[in-house]
Amino acid sequence: MLTLTPTAAQAIRDLTATTPEPEQSGVRISSKGESAGSLTLTLAAAPEPTDEIVEAEGARVYLDPVAATILDDKALDAGADDQGGVSFVVTDKLA
């Protein structure tokens, strides 16, 4: 299952704090078609019925079935660019 670093969890909490329903909001990672090479991350008010839900430190990530398979042994991390924008990166899990 995908894991979240503390930095990613904080970034997701910050992003969802201002949504209309912050207690259910999260980010959704979904596939574009059946291709493993193309995933998108968007804000989501709630999960889709087939989504896998990952929760850590009060942050929620919703994964569509293809994304859940692709990211099963990965970790989600976050960082900030020079303008203060958030970027997410998928890495291999640390042992």
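Located above this text is the structure these notes cover.
Definitions and cut-offs
- Residues numbered from 1 in each chain as written.
- Predicted model: local features only at pLDDT ≥ 70, side-chain atom pairs only at ≥ 80, totals over all residues.
- Heavy atoms only, no water.
- Helix = DSSP H or I, 4+ residues; strand = E, 2+ residues; numbered from the N terminus.
- Rg over C-alpha atoms; globule rule 2.2 N^0.38 Å.
- Buried < 20%, exposed > 50% of the residue type's maximum accessible area, 1.4 Å probe, protein only.
- Areas by Shrake-Rupley, 256 points an atom, 1.4 Å probe, with all protein chains shown as cover.
- Lys, Arg positive; Asp, Glu negative; His and termini not counted.
- Charge placed at Lys NZ, Arg CZ, Asp CG, Glu CD.
- Salt bridge = Lys/Arg side-chain N within 4 Å of Asp/Glu carboxyl O.

A. Seen up close, the overall build of the protein chain. The secondary structure content of the protein chain amounts to 2 helices and 7 strands. Over its C-alpha atoms the protein chain spans a radius of gyration of 13 Å, differing by no more than 12% from the 12 Å that the globule rule assigns to 95 residues. Along the first, second and third principal axes, the C-alpha set of the protein chain runs to 30 × 30 × 25 Å. The 95 residues of the protein chain split such that 33% are buried. Summed over all atoms, the accessible surface of the protein chain reaches about 5500 Å², with 53% contributed by carbon and sulfur. Where the 6 positive side-chain charges of the protein chain centre and where its 16 negative ones centre are 1 Å apart.

B. Geometry of the pattern of salt bridges. One pass over the structure, following the stated rule, counts 2 salt bridges. One salt bridge in this structure joins Asp51 and Arg28, with 2.7 Å as the shortest N-O distance. Of the two residues, Asp51 is situated in the loop between strand 3 (39-44) and strand 4 (52-56) and Arg28 in strand 2 (residues 26-31); the sequence distance between them amounts to 23 residues. Owing to a relative accessible area of 10%, Asp51 belongs among the buried residues under this scheme. A residue is classified by how much of its surface remains accessible, and Arg28, at 17% relative accessible area, is buried. Between Asp92 and Lys74 there is a salt bridge, and its shortest N-O distance comes to 2.6 Å. Here Asp92, found in strand 7 (residues 86-92), pairs with Lys74, found in strand 6 (residues 74-80); they are 18 residues apart in sequence, far enough to count as distant. Classification of Asp92 as exposed rests on a relative accessible area of 53%. Overall, Lys74 belongs to the partly exposed group, its relative accessible area being 21%.

C. Representation of the environment of Glu23 within the structure. Looking at where Glu23 falls in the secondary structure, it is placed in the loop between helix 1 (6-16) and strand 2. For the pair Glu23 and Glu52, spaced 29 residues apart in sequence, the C-alpha separation works out to 17 Å.

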